[in-house]
Amino acid sequence: MSHFITTGASGDQTQSAAAPERREINDLINDVPQFSLYIQALNAMYNDPQSNITSHFGIGGIHGLPYVQWDGAGNTTAASAKGPPGYCTHASVIFPTWHRPYVALYEQVMQSHALDIAKQYTVDGETWTTAAQSLRAPYWDWATPGNIVPPAKVIALPFVPITTFDGSTITVPNPLFQYTFNPIDKSFKGSQWDQTQTTVRSPDPSNNTTDIRHLIDSLSQLRDEIPLKVSSLFTTAQTWPAFSNKTPNDGGDAVNSLEAIHDLIHVHVGGHMGDQAVAGFDPIFFLHHANVDRLLSLWSAMHPDIWVTSAPAIEGTWTISDEDTIDSKTSLTPFWNTDTEFWDSEGVTRTESLHYTYPEFKNLDMSNSDAVKDAISMYVHQQYINPSGGDSGPKIPPDVSAFMIPSGVNFLAQPAAGGDTPPVAHGATEATSTVESVAEEVRNPTTSQESHPSTAERGEPGSGGPNVIHDWTVRIHFKSHELGQSFSVLIFLGDVPDDPSQWMKAPSYVGSHSAFVNSAAKQCGNCQRQRDTLSEGFVHLNSVLARRSGLSSFEPDVVTPYVRENLHWRIRAVDRSVVSLDQIPSLEVTVASTPMTKPPGSIFPVPGRPQYHHHITHGRQGGARHAQA
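Since the model is a prediction, treat every value here as computed from it, not as a measurement.

Glancing now at the confidence of the model for the chain. When pLDDT is averaged along the chain, the result is 86, and 83% of the positions lie at 70 or above. Counted against residues more than four places away or in other chains, residues 79-84, with its pLDDT under 50, gives 14 contacts.

Counted under the stated rule, the structure contains 17 salt bridges. Three or more residues are tied together by salt bridges with common partners; here these are Arg22, Arg100, Glu107 and Asp293.

So, on to helix 4 (residues 95-118). Compared with an ideal rise of 1.5 Å per residue, which puts 24 residues at 34 Å, helix 4 spans 35 Å between its outermost C-alpha atoms and is within 8% of the ideal. Most of helix 4 is tucked away: 21 of the 24 residues are buried.

Right, let's talk about the nonpolar core for a bit. Formed by 125 residues in total, the largest nonpolar core has its most connected members in Leu37, Tyr38 and Trp142. Aside from chain neighbours lying at most four places away, what touches tryptophan 142 is Asn147, Ile148, Ile226, Val230, Ile261, Ile265, His288, Asn291, Val292 and Leu295. One finds Ile469, Val544, Ile571 and Leu587 within the second-largest nonpolar core, a separate group that totals 33 residues.

A few words now on the environment of alanine 131. Relative to the elements of secondary structure, alanine 131 occurs in helix 5 (residues 125-134). You can call alanine 131 buried: its relative accessible area is 9%. Counting along the chain gives 95 residues from alanine 131 to serine 36, while the straight-line C-alpha distance between them is 9.8 Å. If near-sequence neighbours (up to four positions away) are discounted, alanine 131 is found in contact with Pro33, Gln34 and Leu37.

As a further point, take the packing of helix 10 (residues 258-269) against helix 11 (residues 284-302). In the contact formed by helix 10 and helix 11, the axes pass within 11 Å of each other and the chain directions differ by 160°. Here helix 10 lies roughly antiparallel to helix 11, going by the angle between them. Pair helix 10 / helix 11 crosses with right-handed handedness. In this structure, helix 10 contributes Leu258, His262, Ile265, His266 and Val269 to the contact, and helix 11 contributes Ile284, Phe285, His288, His289, Val292, Leu295 and Leu296.

About the thresholds
Residues numbered from 1 in each chain as written. Predicted model: local features only at pLDDT ≥ 70, side-chain atom pairs only at ≥ 80, totals over all residues. Heavy atoms only, no water. pLDDT = per-residue confidence, 0-100. Contact = heavy atoms within 4.5 Å. Salt bridge = Lys/Arg side-chain N within 4 Å of Asp/Glu carboxyl O. Helix = DSSP H or I, 4+ residues; strand = E, 2+ residues; numbered from the N terminus. Expected span 1.5 Å × (residues − 1). Buried < 20%, exposed > 50% of the residue type's maximum accessible area, 1.4 Å probe, protein only. Core = buried A, V, L, I, M, F, W, Y, C linked by side-chain atoms within 4.5 Å. Axes fitted to C-alpha atoms, helices over the stretch in contact; angles between N-to-C directions. Parallel < 35°, antiparallel > 145°, perpendicular 65-115°, else oblique. Left-handed = near helix turned anticlockwise from the far one by under 90°.

Below, the structure written as structure tokens:
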């Protein structure tokens, strides 16, 4: 039996790179030939019958619904008692590597359409053929300060201009804005999506349609915490379990995994993206996962001797039992490498095997792992750990700023040093503001950053010894499937507003950890069996303590009284509804401090063993179970 072989895209070469580069979406939209081809190729995938396994629906459905076999991989039907949720691997050591051939498959089909479309151009045909040959799936780099809100051509415009075959400009439906189900699949029956004709993001609860202003708002609130989480991922995650997935069995590192950070983006985009069962149908899914894959590439370049380790499956899939042990040789189903074998994690250690790379690897000798490690480490330090200019405020694209005006929301609020309730910058959302003035203030935000000579404010070592500083985090544990839908636990240092719609806009808001789960759990026997699966995430406190607390150092005897008095938490579901603490009885919020040592000459600190200060939250609902470790 022949199968659809996942080869990745084909053709061409990026100069001084091992393969053609995937480009950041803000870059790609400014390349007229490639963006025009990309838009038309996606529309071609949308127009393929949903029964076609390489249509947008066919590939998107690998991730969850409609829960059917894809191209002969695994059983033809799911057994009721062991009914797996689809092929995707979550809460798993192969979470990062499974999604690598998944994005490559989508990229392969998309580029194949682009190659066919390029042949139809009658003006400057060679340019269009070359553009198609080097076209790869773009990524949305939400980890870089300034990119947390995608451009309007991704999230706000139902139609976009492209250049067509004769060189003229026409306007076409924007496939990045939404996908239209044709028809709504019968597997959606009984779910919240069974009457929703298109994919939606941050939907208005009253009509289940995309609320663009709320989407911009929701993503903008991640402007500080995502860079903190990503920088900590690169500096603190030193093992594959700690890096790869959100389960707590990682050896004790107080760091968010790549999967936990990924979950946060899913839930804050919301709508279909916020539901595992249908997330793969939202076109932003593949921009998101291309960036997840890019972060995998960067981290693995910095840790060339670390790759997938053996672990229990925990949550099964269509082809993996929850009782299995998985490792680097586990088949990454349903992605065929040959007609008889699937890709496995050992086969995807290098992106070139699937015919793509990322811009950060340009001009690097990939055969010299030490040189690659040094170059990527320096890039990561400059891009994520210590970005130039020191401004981590949101750079909301001017082309989406118009959608902010009517909402009455200030996206530019910056905490001021020396107080728990810093003033809010005005001008971005007043009804009289123009788009131009908003865009200018986004580019040059007004902040009130006073200078305080405390060790906490300067981020210098306290009394913990030379080149040692305590990294303070809030650890959040819960059972992911306890609520039956995706949700977030929000952490505050200071008063929590009574109005839930103001929670993430409050000066006291610090960060969150999200459960990204399947809302169609009743159709998923595996989800029912795995209700006890624990998820672990961390919220970083140091930058907030430095700006607001006025404390003299990060030493435990200085920090713990302040945190004990000011720490609060709330729960919000992906549909914006408030979740009581009674509904998540498994929730455990604990505070930890990790000593970080900066060896002389090193650009990255070395983490020690975390110390958990259980007494800070013990005795409160959702707090530490025990007063001592």
